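# Commentary on secondary and tertiary structure
Each chain is listed here by its residues.
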Amino acid sequence: MTDLGSKNAAAAWKRIEGLPDTALADLFAQDAGRVERLSGRIGWGEGEDVAGIRFDWSKTHLTEEMLDAFEDLAEASDFDAKRAALLAGDAINVTEGRAAEHTAQRGLGSEASVEEAQALLARMQMLVEAIREGALGDVNHLIHIGIGGSALGPALAIDALTRDLAFVDCHVVSNIDGVALEQAFAACDPKTTLIAVASKTFTTIETITNAESALRWLRENGVDDPHGRVVALTANPEGAVEWGVDETRVLPFMESVGGRYSLWSSIGFPVALAAGWDDFAAMLEGAAAVDAHFRDAQGRDNLCLRAAFADQYYARARGCQTRAVFAYDERLALFPSYLQQLEMESNGKRVTSEGEPVDGPTAPITWGGVGTDAQHAVFQLLHQGTHLVPVDFIASIAPGDALDPAHHAILLTNCFAQGAALMAGGNMSADGKDPAREFPGNRPSATILCDDLDAATLGALIAFHEHRTFANAVLMGINPFDQFGVELGKKMAKDIEGGAADFDASTKALLEAAGLSE
């Protein structure tokens, strides 16, 4: 950021921090048009197929004055230029000198990158259709082995989209803990199981160790050519071939697609195989609708940027260290875990893109759960605890079940009531005076309400949060596309394995107690 940009950003923050802290109830009382102004919709489809998502930030403390100041902050942070650079495929990842081209997988990027992405996806589609037509024999099970973005995205999408029907029984394994892999083995017939090995570099120790154990399991259970049952998903196809995978079953993806943004590439192979290519294509289409909105909408009208305005206000001006996400839909049970990596690995940084110390808090801790379960577990703290926690509620108007409609009606009324209660507060005692039954209220929440939770909507939800994460990074001046913070612990683990490191007394004692030291 230029010196002028830094000065303007500081001035914008000074304005934001100097604005009055008006209670939410008063903001509603003062402005009859608040809901309309602070709600927006992103849609897709035509005619009877029109669908979309409604976003409502009216129960946050955002005001017109605050939005004006945040728009000035976005201008001072050069948001428009950085957004354009991201979508053009420029080297926006400055510390590693490369682009971040996940939107190219969905059709938005440089012409060459979009063409390459489409060609690689066409290759994946051909393999998926060949497998479903029996080219590799009977396939009843898939064990997908990856870690981080190579596992979290597929696990989320498979769980969300294949509860009614799946072409294959799919198990996503990420943990190096052998219990996870043994659990998958116990559920699968080795004679009809494929192994997908997902690793950008094809060197990730957890993934390769699990993959080698999976090959051993196949061999020990009568599969003569275990490598013939492997599909590799990687940006290093040569490494996969060297490891033993036939090149016809290697599905490459572009080096410029980061791991936690890779669901849209060949890392989505298990989703396409389990849910079907049509659903995978619909995910891409839903995400593309959000991409178009993110590209075209300006200032506060850009709903991804507006979400970042709220995030920044609560993290910096109000000192909120966490942000909670509660999906009132069982199919989104894994969504908070997915967001944890997306947001905390992207924006959990301590220096700016220029390598200077960040002058305020960066990413809050993302956490959450599923409603209504969470209401009976953690909402006590949200309503009456001493922490101020901004909350996102996510729900679908259309139910995901065919049971009595009362189920879904109760689910939705609980979702909406929790947001209303967080804002309004009150006292539940008979005389209205018992402090133990006092709810202070004035606690913020946003609601993301989907028309339905289908493949396109899931794609749109994920893309929305990708762009929200990027917008937050721009406002903080950091690079969201590297993740060096995971490296030090991995290096020390290798040092322990090689016996080459000298550790602190506590670590030495733990190694000795576990029988891992000489």
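Residues numbered from 1 in each chain as written. Predicted model: local features only at pLDDT ≥ 70, side-chain atom pairs only at ≥ 80, totals over all residues. Heavy atoms only, no water.

The name given to the protein chain in an unreviewed UniProt entry is Glucose-6-phosphate isomerase, with Alteriqipengyuania lutimaris as the source organism. As its UniProt record puts it under Function (unreviewed entry), the protein chain is described as follows: "Catalyzes the reversible isomerization of glucose-6-phosphate to fructose-6-phosphate." Word for word, the UniProt comment on the protein chain under Catalytic activity (unreviewed entry) is "alpha-D-glucose 6-phosphate = beta-D-fructose 6-phosphate". (UniProt positions renumbered as here; feature names shortened; annotations may be inferred.)

Once that is clear, we can look at unusual backbone geometry. A cis geometry characterises the amide bond from Gly 371 onward to Thr 372, with omega recorded as 10°. Among the structural elements, Thr 372 can be located in the loop between β9 (365-370) and α15 (379-384). Even without being a glycine, Asp 78 presents a positive backbone phi close to 65°. Its place among the elements puts Asp 78 in the loop between α4 (64-76) and α5 (79-88). Relative accessible area serves as the criterion here: at 42%, Asp 78 is assigned to the partly exposed category. Located in the positive-phi region is Asn 442, a residue other than glycine, with phi close to 60°. Positionally, Asn 442 belongs in the loop between β12 (438-439) and β13 (445-450). Overall, Asn 442 belongs to the partly exposed group, its relative accessible area being 23%. (Helix = DSSP H or I, 4+ residues; strand = E, 2+ residues; numbered from the N terminus. Buried < 20%, exposed > 50% of the residue type's maximum accessible area, 1.4 Å probe, protein only.)

Enumeration according to the criterion identifies 28 salt bridges in this entry. Two residues, Glu 17 and Arg 316, come together in a salt bridge whose shortest N-O distance is 3.8 Å. Highlighted residues: Glu 17 in helix α1 (residues 3-18) and Arg 316 in helix α13 (residues 303-317), separated in sequence by 299 residues. Here Arg 41 and Asp 451 are joined by a salt bridge, their closest N and O atoms 2.6 Å apart. You can see Arg 41 sitting in strand β1 (residues 39-44) and its partner Asp 451 sitting in the loop between β13 and α17 (455-476), a full 410 residues away along the chain. Note on Arg 41: relative accessible area 44%, which makes it partly exposed. The structure contains a network of salt bridges with shared partners spanning Asp 31, Arg 37, Glu 64, Asp 68, Glu 71 and Arg 300. (Salt bridge = Lys/Arg side-chain N within 4 Å of Asp/Glu carboxyl O.)

Another aspect to go through is empty space enclosed by the protein. Taken as a whole and assessed by the stated rule, the structure comprises three cavities of 30 Å³ or more. Roughly 130 Å³ of internal volume is contained in the largest cavity. Along the wall of the largest cavity there are 17 residues; nearest its centre are Ala 310, Asp 311, Tyr 314, Arg 323 and Pro 390. Of all the secondary structure elements, the ones that give two or more residues to the lining of the largest cavity are α13, β8 (322-328), β10 (391-396) and β13. A per-element tally of the lining of the largest cavity places α13 first, with four residues. Looking at side-chain class alone, the lining of the largest cavity contains 10 nonpolar, three polar and four charged residues. Volume-wise, the second largest cavity comes out at about 100 Å³. Secondary-structure elements contributing two or more residues to the lining of the second largest cavity are α13, α14 (335-347) and α17. Broken down by element, the residue count for the lining of the second largest cavity peaks at four residues, all from α17. (1 Å grid on protein atoms, 1.4 Å probe; cavity = no way out; pocket = protein on both sides within 12 Å on 5 of 7 lines; lining within 4 Å. Points joined across faces, edges and corners; volume = space filled by probe spheres on them. Nonpolar A, V, L, I, M, F, W, Y, C, P; charged D, E, K, R; others polar.)

A few words now on the environment of Leu 461. Mapping Leu 461 onto the fold places it in helix α17. Assessed through its relative accessible area of 0%, Leu 461 is described here as buried. Remark: the alpha-carbon pair of Leu 461 and Asn 442, spanning 19 residues in sequence, is separated by 27 Å. Among all residues touching Leu 461, those that are not within four sequence positions of it are Ile 53, Leu 332, Phe 335, Ile 394, Ile 448, Cys 450 and Leu 453. (Contact = heavy atoms within 4.5 Å.)

So, about the sheet that holds strand β3 (residues 141-145). Spatial strand order, β4-β3-β5-β6-β7: five strands in an open sheet with parallel pairing. The open sheet has two edge strands, β4 (169-173) and β7 (250-252), and neither has a second partner. The average angle at which neighbouring strand axes cross in this sheet is 15°, direction not considered. For strand β5 (residues 193-198) and strand β6 (residues 230-234), the ladder comprises four bridges, and the chain directions are parallel. Along β6, the bridge assignment pairs Val 197 with Ala 232. Against the sheet, helix α6 (residues 111-132) touches β5, β6 and β7, its axis set at about 150° to β7. Across the sheet, helix α8 (residues 178-187) touches β3 and β4, and the angle it forms with β4 is around 170°. (Pairing = 2+ DSSP bridges. Axes fitted to C-alpha atoms, helices over the stretch in contact; angles between N-to-C directions.)

The subject of this paragraph is the domain arrangement of the protein chain. Split by domain assignment, the protein chain resolves into domain 1 (3-90 + 297-426 + 433-482), domain 2 (102-280) and domain 3 (486-514). Placing the centre of domain 1 and that of domain 2 at their C-alpha centroids yields a distance of 32 Å. Residue-level contacts link 26 residues of domain 1 with 22 residues of domain 2. Summing both partners gives a buried area of about 2100 Å² for domain 1 against domain 2, and 64% of it is carried by carbon and sulfur. (Domains from an automatic or database assignment. Buried area = accessible area lost by both parts, 1.4 Å probe.)

The residues that UniProt annotates with the feature "active site" (unreviewed entry) are Glu 345, His 376 and Lys 490. The annotated residues occupy 146 residues of the chain and do not converge on a single region, their most distant C-alpha atoms lying 37.2 Å apart. Checking the annotated residues one by one, the ones that line the largest pocket turn out to be Glu 345 and Lys 490. Note that Glu 345 resides in helix α14. If sequence neighbours within four positions are ignored, Glu 345 has contacts with Arg 260, Gln 340, Asp 482, Gln 483 and Val 486. On the accessibility criterion, Lys 490 (38% relative accessible area) is partly exposed.

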